[in-house]
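Chain by chain, the residues run as shown.
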Amino acid sequence: MIVYLESNFVLELAFLQAEHDECSALLRLAEVGKISLILPAFSIGEPYETWVRRTKRRRQIHEDLTTAIRELSRSSPYEAASERFHELTSILIRSGEEEKRRLDETLEGILQTVEVIPVGLNVMSAAISLQEKLNLSPQDSIVYASVLDHLNAKSRERCCFITRNSRDFANPHIEHELSSRDCLLLTKFADGMGYVRRHLQ
């Protein structure tokens, strides 16, 4: 069985989000050869963009809080509490550093197991067309074009595409197009894990 994934799979594992247990289970099945995990190359770099955005936002919050704490500490009722506030702001900075480490480690582990779909000329050409045809963002169109390109090249085999991005991918045209290639669209990793387990049995 083939399971197509995108950047949310990486983010769930790296940032220990709500469905990271299901993602870990999928990865373990791939490690022992029971399923094949396929990841568009674009989805390897995209999580770093998410990390950069989160880190920038937290640094801005850190700067704003530091300024506010400095002002509060000049007032005697809050002077003693300023150290506790400083601990909170330091967590914002440490969390970004810890997330970067986990993201690096997660990708290193994933890349030992998954097959990566390269972003070639065919994929980029199709992605540009899909942006207008399906009103997809440039990022989503590259991911979807990568999946379609791989589906077109593979032999008929049971497969699914799991993405948390239901807002953009869960539309009737995409579901029909994937279904015509024997590929089921799923928008929760728990549902994807259930689908995989049923067919492995």
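Structural notes, computed from the coordinates. Please read these numbers as outputs of a predicted model, since none were measured by experiment. (Residues numbered from 1 in each chain as written. Predicted model: local features only at pLDDT ≥ 70, side-chain atom pairs only at ≥ 80, totals over all residues. Heavy atoms only, no water.)

### Brief notes about unusual backbone geometry
What counts, and what does not: For helices the rule is a DSSP run of H or I covering at least 4 residues; for strands it is a run of E covering at least 2, with both sets numbered from the N terminus onward. Each residue gets one of three labels from its accessible area relative to the maximum for its type: buried under 20%, exposed over 50%, partly exposed in between, using a 1.4 Å probe on protein chains only.
Even without glycine at this site, Asn135 takes up a positive phi of about 55°. The topology assignment puts Asn135 in the loop between helix H6 (121–134) and helix H7 (138–153). Using a relative accessible area of 67% as the deciding quantity, one classes Asn135 as exposed. Of note, the phi angle at Asp182 is positive, near 60°, even though the residue is not glycine. Judged by relative accessible area, Asp182 falls into the partly exposed class, the value being 43%.

### Here we look at the side chain of Asn165
Selection criterion: We call two N or O atoms a polar contact when they sit within 3.5 Å, provided that within protein one can donate a hydrogen and the other can accept it, with sequence-adjacent residues counted only if both atoms are side-chain atoms. Contacts: residue pairs with any heavy atoms within 4.5 Å of one another.
With respect to the helices and strands, Asn165 occurs in the loop between strand S4 (159–162) and helix H8 (166–169). Residue class for Asn165 comes out buried when judged on its relative accessible area of 15%. A distance of 3.1 Å separates the side chain of Asn165 from the side chain of Asp140, its partner in a polar contact. Excluding residues within four positions of it along the chain, Asn165 makes contact with Asn8, Asp140 and Ala170.

### Comments concerning the packing of aromatic side chains
Stated formally: What counts as a ring pair is set by centres within 6.5 Å for rings of Phe, Tyr and Trp (its six-membered ring), and what kind of pair is set by the plane angle: stacked under 30 degrees, edge-to-face over 60, tilted for all other angles. Whether a charge lies above a ring is judged from NZ of Lys or CZ of Arg, which has to be within 6 Å of the ring centre and within 35 degrees of the ring normal.
Using the criterion set out here, one finds 3 aromatic pairs in the structure. Seen from their ring centres, Phe161 and Phe169 are 5.5 Å apart, and the 80° between their planes marks the pair as edge-to-face. Each of the two residues, Phe161 as well as Phe169, counts as buried. Each residue in the set Tyr144, Phe161 and Phe169 is aromatic and connected to the rest through ring pairs, giving one cluster. Looking at Lys100, its charged tip hangs above the ring of Trp51, at a distance of 6.0 Å from the centre.

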